[in-house]
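Take a look at the letters that make up each chain.
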Amino acid sequence: MCLLALGACDTAGTHFENVPATRVTVDGSVFDIRVRGRLAEAVRINPQYAPRLGPIRARAAFAMAEVSGCKVREVRGDPALLTGILACKGQPVPRALPPVPLSYSCLELAGWVRDGEGSPYVDYECTPY
């Protein structure tokens, strides 16, 4: 029974069933990202001691934006499973990309800042490696 419960820890939600995941590492957090329509899902798959939602949310939003190619308007959830609402101006609905592991090294440039529309976000500079 315990093995069955542990096996569900990185399973996609029902809306994202059968959507291949793209694994992305952002600043020490490893996510499986799935995109369907205007939603993206980030499942954090690595253990982290006492993860706070704020930094995890910002990392997940960055990963969702990289995989989807869209701006992430809002992220909801908890430090293990997050859902992002995508805004893709002038773009067709993003298609799911094949699973390709991506890793980024990120440096936080500023604390919480706001874009022109008032949405708060953490400003990162990230480079793939």
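Here is a short report on the structure shown in this document. (Residues numbered from 1 in each chain as written. Predicted model: local features only at pLDDT ≥ 70, side-chain atom pairs only at ≥ 80, totals over all residues. Heavy atoms only, no water.)

1. Some points on helix α2 (residues 53-68)
With 16 residues, α2 extends 21 Å from end C-alpha to end C-alpha; this agrees with the ideal 22 Å at 1.5 Å per step. Buried within α2 we find I56, A58, R59, A60, A61, F62, A63, M64, V67 and S68. (Helix = DSSP H or I, 4+ residues; strand = E, 2+ residues; numbered from the N terminus. Expected span 1.5 Å × (residues − 1). Buried < 20%, exposed > 50% of the residue type's maximum accessible area, 1.4 Å probe, protein only.)

2. Some points on the pattern of salt bridges
Taken as a whole and judged by the stated rule, the model has three salt bridges. Two residues, D27 and R59, come together in a salt bridge whose shortest N-O distance is 3.7 Å. With D27 in the loop between β1 (22-26) and β2 (29-36) and R59 in helix α2, the pair connects residues that are 32 residues apart, well separated along the chain. A relative accessible area of 32% places D27 in the partly exposed class. Residue class for R59 comes out buried when judged on its relative accessible area of 13%. Residue R76 pairs with E74 through a salt bridge whose shortest N-O separation is 2.7 Å. (Salt bridge = Lys/Arg side-chain N within 4 Å of Asp/Glu carboxyl O.)

3. What to know about the state of the cysteines
All told, the structure shown has one disulfide when counted by the stated rule. Here C70 connects covalently by a disulfide to C88, the sulfurs 1.8 Å from one another. Given an S-S torsion of about 105°, the disulfide between C70 and C88 has right-handed geometry. Within this pair, whereas C70 is found in the loop between α2 and β4 (71-77), its partner C88 is found in the loop between β5 (81-87) and β6 (102-114), the two being separated by 18 residues in sequence. The class of C70 is buried, set by a relative accessible area of 5%. (Disulfide = S-S within 2.5 Å.)

4. As for the pairing of β4
Bridging between β4 and β5 involves six bridges; their strand directions are antiparallel. By the bridge assignment for β5, R76 is matched with T83. Connecting β4 to the next strand, β5, in antiparallel fashion are three residues. (Pairing = 2+ DSSP bridges.)

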